[in-house]
Each structure stands twice: as structure tokens, then as C-alpha cells.
Amino acid sequence: NKELEEVMDYIVIQAKEILEADAAAIYAPYGKSGDLHIVASKGLSLDYVQKASIPKGIGATGLASISSKPVAIEEISKFLEYQNIKLDDERKILVDKLGLIFKSMLVIPLLFTNGKPYGTLDLYYGSSQKFTEDEIKLATAYANQTILAIENARLRASVTRSATIAERNRITRELHDTVSQTLFS
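About the cut-offs
Residues numbered from 1 in each chain as written. Predicted model: local features only at pLDDT ≥ 70, side-chain atom pairs only at ≥ 80, totals over all residues. Heavy atoms only, no water. Helix = DSSP H or I, 4+ residues; strand = E, 2+ residues; numbered from the N terminus. Rg over C-alpha atoms; globule rule 2.2 N^0.38 Å. Buried < 20%, exposed > 50% of the residue type's maximum accessible area, 1.4 Å probe, protein only. Contact = heavy atoms within 4.5 Å. Salt bridge = Lys/Arg side-chain N within 4 Å of Asp/Glu carboxyl O. Pairing = 2+ DSSP bridges. Expected span 1.5 Å × (residues − 1). pLDDT = per-residue confidence, 0-100. Polar contact = N/O pair within 3.5 Å; in protein donor to acceptor, adjacent residues only side chain to side chain.

1. Remarks on the overall build of the protein
When helices and strands are tallied, the protein shows five helices and six strands. The linear arrangement of helices and strands in the protein, starting from the amino end, is α-β-β-α-β-α-β-α-β-β-α. Scaling as 2.2 N^0.38, a compact globule of 185 residues should have a C-alpha radius of gyration of about 16 Å, whereas the protein reaches 21 Å, well beyond that. Dimensions along the principal axes, computed over C-alpha positions, put the protein at roughly 85 × 35 × 30 Å. The 185 residues of the protein split such that 39% are buried. Look at the contacts in the protein between residues 6 or more apart in sequence, and 59% of them connect residues 24 or more apart.

Structure follows, in C-alpha cells:
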């Protein structure tokens, strides 16, 4: 869905600016595994974007996606010290590379209005951050607006598909009626 891609690209650009992050990404489930993949980003290397595949429950992104709660990492270089965050070997390599560029990250779950998780909004900072409650609330409010924009783009795409199908059905009926009249007249 081209419109959804454009909306997500705009969202990460604005998130980076409004939330004063050095990079931002939206992760969403992909494929049968449901692993989270980056669907839009700004400020991340292409190599990282291509390699970032996060199983639910693994890392800050995976934890936020299943707990439906923000996850703040004040020092990426000390990631392994966070007791509630699990990493497998592949993700440890990614986190090590990430820690060379970014010092802190804030991961906000993206939840549909019915409470079901969509993915996450990940914010990356080049300097160490002590995230305040107000900063987390602001990022959460932004994530709530993000999910509304995503839902609207998906609904518009659905309406467009429905209208296309209805038009095809109308043309099919007209052709059927014309052929029937021609054959039986």
C-alpha cells in the first residue's frame, strides 16, 4: 500500500524532529513468523535496516511489542545488564553495532484502538538520555497519533479496493446483460 508507506515515512521524519531523536523507525510484524521488521526509518543505516529482524519478546523492541509498555534504554552499551530484556546471539551483534552509533533508545508500542499490538516506534539518541516520565508520555502520545494515521491509511486502502471491486462487478453485470440481450433478441 503506497499511501501507507508514505504515511509511515512521514511519521518517522516527524518523530525524529518532534521527539528530538537522532533516528526513528517503525517496526511491524512480517511474514509467518511475525518477527518485527523495519517498515519505515530515518537516520538508520541501510545495513541495520536490512538486518533488523526482531522476534517478539526479544530485545527492547520485542519486549515493548508483547508487553504493550514503553521500554527505555538509557545506555545501549549496557544493554546486557537489563535483566528483563533477552537477546539471542544474532541480536547481540546488532545491539553491539547499534551501540557504536547510538547511546540511548526509547521504544513505544503501537497499539490499535482495540488494544491489539501493531508494532513499535523506536527512537534512537546519539547521546545518553535519562528519559523523564513527561518524555515517555509525549512519545506515547505521538505513538497513539501514529497508530490513528496508520489505521486511516489502511481504511482508505480498503475503501479504494472495495470501490474497485464494486465497479468491476457493475461492469460485469452490464456486459452480461448486453450479451444476454444480444443472444436472445
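Following the structure, the description resumes.
2. Some details on the pattern of salt bridges
Throughout the structure, instances matching the rule amount to four salt bridges. One salt bridge connects E133 with K137, and the closest N-O pair in it is separated by 3.2 Å. Taken together, the residues E133 and K137, both in helix α5 (residues 133-183) and four residues apart, mark about one turn of the helix.

3. Considerations on the sheet that holds strand β4 (residues 71-73)
Read from one edge to the other, the open sheet built from six strands follows the order β3-β2-β1-β6-β5-β4, with strand pairing classed as antiparallel. Single-partner strands in this sheet number two, and they are β3 (53-54) and β4. Bridge analysis of strand β1 (residues 23-30) against strand β6 (residues 117-125) gives five bridges, and the strand direction is antiparallel. Note on β6: the bridge partner recorded for I26 is L121.

4. Brief notes about helix α1 (residues 2-18)
The end-to-end C-alpha separation of α1 is 24 Å, in line with the 24 Å expected for 17 residues at 1.5 Å each. Taken residue by residue, α1 has L4, V7, M8, I11, V12, Q14 and A15 as its buried positions. One or two steps after α1, the chain reaches E20, where phi turns positive at roughly 55°.

5. Structural notes on the confidence of the model for the protein
Averaged over all residues, the pLDDT of the protein is 86; the fraction at 70 or higher stands at 93%. Confidence, read as mean pLDDT per element, is least for α5 in the protein (80) and greatest for strand β5 (residues 104-111) (95).

6. Observations regarding the side chain of S104
Looking at the element boundaries, S104 is found in strand β5. Judged by its relative accessible area of 0%, S104 falls in the buried class. A distance of 2.6 Å separates a polar atom in the side chain of S104 from the backbone oxygen of E74. Only 2.8 Å separates the side chain of S104 from the backbone nitrogen of Q129, close enough to count as a polar contact. In this structure S104 touches I73, E74, E75, I76, L123, Y124, Y125, S127, S128, Q129 and F131, once residues within four positions along its chain are discounted.

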